Amino acid sequence: MVGRVLLMILLVLSSHSHATEPPEETRAVIQDLFPSATVIEDKLPDFPVYPVYQLQELLGYAYVSTDFVKLQGFAGKPITMMIGLDTKGRFTGVKVLHHHEPVFLHGLGEGPLTEFVDQYEGRSLTEQIIVQASSRSARNNSGNQVYFDGVSKATVSVLIINDSVLSSALQVARKKLEGFAQATPTRARQDFYEPLTWQQMLDRGYIHKATLSAEAVEAEVGRSLSDYPMDLEPVPGEPFSEVYYAYMNSPMVGRNLLGDQAYKAFRQRLADQGKVMLVLSRGVYPHISPDFVPGSTPSRIGLNQGQLAIEMRDLNWLEPGQTIAAQGAPAMDAMNLFRIGGNAGFNPGAESGFHLDVSLPRNHLVSDNARFTMPVTFAGELFETVELEPDPHQGREPVWVGLWKERWWQISLLVTSLALLTVFFARQKTLTRYPKLVHRFRWGFLFFTLFFIGFYAQGQLSVVNIYTLFLALWDGFSLNVFLLDPIIFILWTYTFVTLFIWGRGLFCGWLCPFGALQEMLSWLGQKLGLRQVRVPEQWHRRLILLKYPILLILVGTAFHSLTLAEQLAEVEPFKTSITLYFVRYWPFVVYALALLAIGMFIHKFYCRYLCPLGAGLAVLGRFRLFSWLERVKRCGQPCQHCKNECGINAIRKDGRVDYDECIQCLECVVILRDQNQCVDAIVRNKQRQKQARILATDAVGA
């Protein structure tokens, strides 16, 4: 027995004598992905994967994700992972080797990231993996759909990880695994069309029909449909479910089904960005469930091709009550346009397989389930071959598009609020005549900024965004990176534009969640009777310069070491207070609370003296086109009322407004408009009264 084992080992060693092993650190990671591995070969020279064996049996392949895809993460750099894939297309595990995602590095920690990637172990490329935007999704895994728990506050990062894992795994599977190879790529012929009736399209194979009888369902579940409380028995002679499939990118199919005008509008809207299938059904069990949400992934039907699960997502482009234009088309109970492909892609001219999942509840706890597969092959004359294999990401909806769709109501609310703020600032000379209105609007907007923009929508801008932009410009700019977070993108765009109109103050005084929190605590400190410390002018003018070298150090460090720059960016308490709600390692919490506590004595201490983001905005704000804050002759000469009331000390002794420091709270404008506060107005009123008395006296004397 021992001799046989030794002989096997010698055979294995001899069979792999040509291979060299990877470095020890890499080998250790791969060993974790394949615990039973006895031989880990070096990376292949012609394809960047590490073959992994147990004796002479090939277990699968390990590979580094960035050798295949380099999707940029939220920090503008790819997330590097070691991924294990067995010979059946199942993930043996995913290990994150290197990343720059700030929310994990210096926020949530590595734990949530590890928990997320651990979900891939045991999952297959034949399954459709869907990442839920929030963690602890209520949806259950069913059929070929697998729902992963996302990471709250790190949606962008985990979606990029998922896209990188699946895209790279598909490339490896198609090159190295049996049964995953792609057929010759095809596309719909755009010059092929003639008017046809519904029946003619069926006869020619331009539309595929699949029928499921009640008898087939009863045979599969082992009981009569009459045993179920819901009415599932079809009318005699009618099917349980009758499903039709049509590939809409083909003019022969799309024009006949939608009509010329509707199809033209459809193609303009699609803009060659994806492949679309029309699915129609009638019967007691249509292809979508009663609780189907438009724009989502269907739970009753799925699509596979070459063992791969193909993503299907409803486009929600059909009008309510829309019918088929082709003559003779029967009435349908359900009709949907689905964008298909995803990471797996889709070859319309090759055979694919739809499956219909039938779930029949006996009661609210127990259901009988069955799956019925429906092979689909469309007529070959609809397609032409493509010489070169297309880019796997070509024609796919970018990741950021889905994120914007998912957060549409947050985007709408934010854009509406920014429009309102713009109108308010544009009409400030008129509105500041009503002090109560200004104060109520300002405090209402500060609460909106803190609780909606900050805590809920996670729209806290950061100095990290500044050097991410610089690095992107240095390495090759891609707008897609910045579009990944719609709230941040909209806020940055708005802030950048308004810098040249109103300066730094519009963001710092109205749209910064941490700034709003400081202002609220400063107000609380005054109400509690805490002594307010006013920094002497000479020290104030020196201290406000501190934030500029901090900014330069951070930006300069980013070009040397992004990791170090991210660590130094902890000078900002934003992540601790706004992103993580103070749930963090205690030194970070103490630092953030200390800054807020100081701010209860020294108004907006952090904003004035330490904020590198404010420094960056102040530099750009110097190029503003207008000076909106009106000054009059007596401002500073001799009147110091506005200066004394300015909590942030942005008004100089000579009355000039320091726009580099001003947060545009508009308090000085309110004073200027108030006849009872503005010294210039009071003097002018007294002069008018005096002149009126003189005139009255002269009139009496005459």
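The structure reproduced in this document is the subject of the present report. Since this is a predicted model, take the numbers as computed values, not measurements.

1. Side note on the nonpolar core
If you look at the biggest cluster of nonpolar residues, it comprises 79 residues, and the most contacted ones within it are Leu421, Tyr467, Trp510 and Leu511. Per element, the largest residue contribution to this core is nine residues, and it comes from helix H13 (residues 435–456). Other than its neighbours up to four places away in sequence, leucine 511 contacts Leu418, Leu421, Phe445, Thr449, Ile453, Leu491, Tyr494 and Leu506. In this structure, Leu212, Leu258, Met374 and Ala379 belong to the second largest nonpolar core, which totals 66 residues.

2. Comments concerning the sheet that holds strand E4 (residues 80–86)
With antiparallel pairing, the five strands of this open sheet are ordered in space as E1-E2-E3-E4-E5. Looking at strand neighbours, the two that pair on one side only are strand E1 (39–40) and strand E5 (91–98), the edges of this open sheet. Pairing geometry for E4 and E5, over six bridges, is antiparallel. The residue bridging methionine 81 from the neighbouring strand is valine 96, located in E5. Sitting on the sheet, helix H2 (residues 24–33) is in contact with E1, strand E2 (50–54), strand E3 (57–64), E4 and E5, with an inclination near 150° to E5.

3. Comments concerning unusual backbone geometry
Notably, glutamine 458 is not glycine yet its phi reads approximately 55°, a positive angle. Here glutamine 458 shows up in the loop between H13 and helix H14 (463–475).

4. Topic: the packing of helix H8 (residues 251–258) against helix H9 (residues 260–270)
Relative to each other, H8 and H9 sit at 125°, their axes nearing to 6 Å. Relative to H9, H8 is oriented oblique. Regarding H8 and H9, the two cross each other, and that crossing is right-handed. Residues Pro251, Gly254, Arg255 and Leu258 of H8 lie in contact with H9, whose contacting residues are Asp260, Ala262, Tyr263 and Phe266. Looking at the contact of H8 with H9 residue by residue, the classes come out as five nonpolar, one polar and two charged.

5. A look at the packing of aromatic side chains
Within the structure shown, the criterion is met by 38 aromatic pairs. Relative to phenylalanine 489, the ring of tryptophan 404 has its centre 6.0 Å away and its plane inclined at 65°; by these criteria the two rings are edge-to-face. With tryptophan 404 in helix H10 (residues 399–406) and phenylalanine 489 in helix H16 (residues 486–499), this residue pair connects regions lying 85 residues apart in the sequence. For phenylalanine 489, a relative accessible area of 22% translates into the label partly exposed. Among the aromatic residues, those joined into a cluster by ring pairs are Trp409, Phe424, Phe425, Phe441, Phe445, Phe448, Phe452, Tyr456, Trp502 and Trp510. Positioned over the ring face of phenylalanine 192 is arginine 189, at 4.4 Å from the centre of the ring. Over the ring of tyrosine 285 we find arginine 300, and its NZ or CZ is 3.7 Å from the ring centre.

6. A few points about a nonpolar patch on the surface
Residues Trp408, Trp409, Leu413 and Tyr456 make up a contiguous nonpolar surface patch of roughly 460 Å² in combined accessible area. Here the nonpolar patch takes three residues from helix H11 (residues 408–426), the largest share from any one element. Secondary-structure assignment places tyrosine 456 in helix H13.

7. Considering the sheet that holds strand E10 (residues 241–247)
With respect to topology, eight strands assemble into an open sheet ordered E9-E10-E11-E14-E13-E12-E15-E16, the strand pairing being antiparallel. A single partner strand is all that each edge strand has here, and the edge strands are strand E9 (207–212) and strand E16 (367–376). Along the sheet, successive strands turn relative to each other by an average axial angle of 30°, direction set aside. As paired strands, strand E15 (residues 352–361) and E16 are joined by 10 bridges and run antiparallel to one another. Considered in E16, the bridge of proline 361 is made with serine 367. The sheet strands contacting helix H7 (residues 214–221) are E9, E15 and E16, and the helix crosses E16 at an angle near 125°.

8. Digging into the pairing of strand E14 (residues 334–341)
The buried count for E14 comes to eight of eight residues, which makes it a mostly enclosed element. Taken together, the four bridges between strand E13 (residues 308–314) and E14 define a ladder with antiparallel strand orientation. Across the sheet, glutamate 311 pairs through a bridge with glycine 341, a residue of E14.

9. Description of the pattern of salt bridges
In the structure shown here, the tally under the stated rule is 25 salt bridges. Between aspartate 368 and arginine 223 there is a salt bridge whose closest N-O contact spans 3.3 Å. Residue aspartate 368 is found in strand E16, and its partner arginine 223 is found in the loop between H7 and E10; the two are separated by 145 residues along the sequence. Taking the shortest distance from any N to any O, the salt bridge between arginine 584 and glutamate 570 comes out at 2.8 Å. One end of the pair, arginine 584, is in the loop between helix H22 (574–579) and helix H23 (586–599); the other, glutamate 570, is in the loop between helix H21 (562–568) and H22, with 14 residues separating them in the sequence. The pair arginine 584 / glutamate 570 is uniform in exposure class, with both members buried. Several salt bridges share partner residues, and in doing so they unite Glu537, Arg541, Lys643, Arg652 and Asp658 into one network.

Reading the values: rules and limits
- Residues numbered from 1 in each chain as written.
- Predicted model: local features only at pLDDT ≥ 70, side-chain atom pairs only at ≥ 80, totals over all residues.
- Heavy atoms only, no water.
- Core = buried A, V, L, I, M, F, W, Y, C linked by side-chain atoms within 4.5 Å.
- Buried < 20%, exposed > 50% of the residue type's maximum accessible area, 1.4 Å probe, protein only.
- Helix = DSSP H or I, 4+ residues; strand = E, 2+ residues; numbered from the N terminus.
- Contact = heavy atoms within 4.5 Å.
- Pairing = 2+ DSSP bridges.
- Axes fitted to C-alpha atoms, helices over the stretch in contact; angles between N-to-C directions.
- Parallel < 35°, antiparallel > 145°, perpendicular 65-115°, else oblique.
- Left-handed = near helix turned anticlockwise from the far one by under 90°.
- Nonpolar A, V, L, I, M, F, W, Y, C, P; charged D, E, K, R; others polar.
- Phe/Tyr/Trp six-rings, centres within 6.5 Å; stacked < 30°, edge-to-face > 60°.
- Lys NZ or Arg CZ within 6 Å of the ring centre and 35° of its normal.
- Patch = residues over 30% accessible without salt bridge, like charges linked within 9 Å, V, L, I, M, F, W, Y side chains within 5 Å.
- Areas by Shrake-Rupley, 256 points an atom, 1.4 Å probe, with all protein chains shown as cover.
- Salt bridge = Lys/Arg side-chain N within 4 Å of Asp/Glu carboxyl O.

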